[in-house]
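A look at the structure
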Amino acid sequence: MLVVGNWKMNGNRVENVARLDCLAKGITENLNVQAVVCVPFPYLAQTEQALQATPVGVGVQDVSTQSKGAYTGEVSAAMAAEFGCRYAIVGHSERRAYQFELSDAIALKAKQAVVHGLIPIVCVGETLEERAAGRTADVVTTQVSEILDRLTVEEQEQLVFAYEPIWAIGTGKSASGKEAQEVHACIRALLRSRSSQLANTPLLYGGSVKAARASDIFGQADVDGALVGGASLDANEFIQICLNAGRARCARERTGPITRRAAWQSAP
Ligand code: 13P
């Protein structure tokens, strides 16, 4: 299981000390989960230092479409990698909405991440109106296809997808395990239709994930982890979510092997 905390635009240098210290102490190898925190760029050095002796991975919430040059305000994947970063969220719905990011740019960001050794976590998800109109599967599979179509096979095989229904983000209204599984199964079917390698792409669920309801989500066959926003700001809550994920992974391993979906779990 892969559990990724997305701090969004939260934190400050003082507050981060306690949060990172709590994660460093509470997340150990034997949790059986790859935990990652995606922090704002200015806190990368602080986060790298606080977590370097721990199994917790570090990530960013975005990267530039470009590798370097006259792009004022941008941060490249290469720069993030210099701070021990291994993951990059791309195409988050908040960036699609507020920065008007479309598939062309999102795919370029994913490419940049791969080139610099980061694992891109590509976010997809439908609005409430799209769900009400019965268009969820169509919207989500189109978003996934548009990214895949813009990448090479080698790049595609590096991706992680996160299904984040927009109506569940920051609303306290998480999808049920069943609702998440239905969409994950659609994404899995699409990936399987492309290749057996892609069928093993890790799929995360995001949207109001809290420790209390995490087991329902993690118990689903096509859910390989979570992308956690608000609850990742409370280190103890985040650790509890990781514990739940670790337990779900153990249960799943008893029922059959997971191949590439587990491969990244051994990554530092
Ligand atoms: P919340 O967990 O706060 O709903 O945020 C989800 C999210 O957007 C993670 O990327």
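Rules of the game
Sequence order as written defines residue numbering, which begins from 1 separately in each chain. Predicted model: local features are reported for residues with pLDDT of at least 70 only, side-chain atom pairs are reported and counted for 80 or more only, and whole-chain, interface and lining totals are derived from all residues. The basis for every side-chain value is the complete set of non-hydrogen atoms in the structure, without hydrogens or water. Secondary structure counts use DSSP, requiring at least four H or I residues in a row for a helix and at least two E residues in a row for a strand, with both numbered from the N terminus. It is over C-alpha atoms that the radius of gyration is taken, and the globule rule equals 2.2 Å times the number of residues to the power 0.38. Burial status follows relative accessibility: with a 1.4 Å probe on protein chains alone, a residue under 20% of its type maximum counts as buried, one over 50% as exposed, and anything between as partly exposed. Every residue pair with non-hydrogen atoms within 4.5 Å of one another is taken to be in contact. What sets the accessible areas is the Shrake-Rupley method with a 1.4 Å probe; for residues, cover comes only from the shown protein chains. Each pair of strands is called paired provided DSSP finds at least two bridges between the two strands. For helices, the fitted line uses only the C-alpha atoms of the stretch in contact; every axis is such a line through C-alpha atoms, and the angle between N-to-C directions lies from 0 to 180 degrees. A side-chain nitrogen of Lys or Arg and a carboxyl oxygen of Asp or Glu constitute a salt bridge if their distance falls within 4 Å. Think of it as the arc spanned by the lines of direction from the helix axis to the C-beta atoms. Throughout this document, a residue counts as near a molecule or strand when at least one of its heavy atoms sits within 4 Å of that molecule or strand. Between N or O atoms, a polar contact is any pair within 3.5 Å; within protein, one atom must be a potential hydrogen donor and the other a potential acceptor, and residues adjacent in sequence are included only when both atoms are from side chains. In this classification, Asp, Glu, Lys and Arg are treated as charged, Ala, Val, Leu, Ile, Met, Phe, Trp, Tyr, Cys and Pro as nonpolar, and every other residue, Gly included, as polar. Points on a 1 Å grid over protein atoms alone make up a cavity when a 1.4 Å probe fits among them but cannot get out, and a pocket when they form an open set with protein on both sides within 12 Å along at least five of seven lines; lining residues each have an atom within 4 Å of a point. Grid points are joined across faces, edges and corners, and a volume is the space filled by probe spheres set on the points. Helix span, expected: 1.5 Å multiplied by one less than the number of residues in the helix.

Here we come to the overall build of the protein. For the protein, the helix and strand inventory stands at 12 helices and 8 strands. Expected size for 268 residues packed as a compact globule is a radius of gyration near 18 Å; at 17 Å, the protein falls within 12% of this value. Taking the principal axes of the C-alpha coordinates as reference, the protein spans close to 45 × 45 × 35 Å. In the protein, which comprises 268 residues, the proportion classed as buried is 53%. A fraction of 73% describes how many contacts in the protein between residues 6 or more apart in sequence connect residues 24 or more apart. For the protein, the exposed area adds up to about 11,600 Å²; of that, 54% sits on carbon and sulfur atoms.

Strand pairing in a sheet relies on backbone hydrogen bonds. The paired strands run either parallel or antiparallel. If you trace the 8 strands once around the closed barrel, you get E1-E2-E3-E4-E5-E6-E7-E8, paired in parallel fashion. Sheet twist, expressed as the mean angle between neighbouring strand axes with direction ignored, is 25 degrees. Set on the sheet, helix H2 (residues 44-51) makes contact with strand E2 (34-38) and strand E3 (57-60); between it and E3 the angle comes to about 170 degrees.

Another point: the pattern of salt bridges. Applying the stated criterion across every chain yields a total of 17 salt bridges. Arg 131 is the partner of Glu 126 in a salt bridge, and the nearest nitrogen-oxygen pair spans 2.8 Å.

Here we take up H2. Along H2, the residues that are buried comprise Leu 44, Gln 46, Thr 47 and Leu 51. Take H2 and look down its axis: the buried residues cluster within an arc of 160 degrees, on one side only. In this structure, the buried side of H2 is in contact with helix H1 (13-26), E2, E3 and helix H3 (77-82).

A separate point is the site of the ligand. Around the ligand, the neighbouring residues are Asn 6, Lys 8, His 92, Glu 164, Ala 168, Ile 169, Gly 170, Gly 207, Ser 208, Leu 227, Gly 229 and Gly 230. Contact distances for the ligand include 2.7 Å between an oxygen atom and a backbone N or O atom of Ser 208. Out of a free accessible area of 310 Å², the ligand has 96% covered by protein chains. The residue makeup of the shell around the ligand, split by class, is 3 nonpolar, 7 polar and 2 charged.

Taken as a whole, the largest pocket encloses approximately 500 Å³ of empty space. At 3 residues, the largest contribution of residues to the lining of the largest pocket is made by helix H4 (residues 93-98). The class makeup of the residues in the lining of the largest pocket is 7 nonpolar, 6 polar and 5 charged.

This brings us to the side chain of Asn 16. Structurally, the position occupied by Asn 16 is in helix H1. Excluding residues within four positions of it along the chain, Asn 16 makes contact with Trp 7, Gly 11, Tyr 43 and Gln 46.

Turning our attention to helix H9 (residues 177-194). With 18 residues, H9 extends 26 Å from end C-alpha to end C-alpha; this agrees with the ideal 26 Å at 1.5 Å per step. Turning to H9, its buried residues are Gly 177, Ala 180, Gln 181, Val 183, His 184, Ile 187, Arg 188, Leu 190 and Leu 191.

Let us now look at the environment of Gly 172. As for its position among the elements, Gly 172 is in the loop between strand E6 (160-163) and H9. Note: C-alpha distance between Gly 172 and Gly 207 (35 residues apart in sequence) is 7.9 Å.

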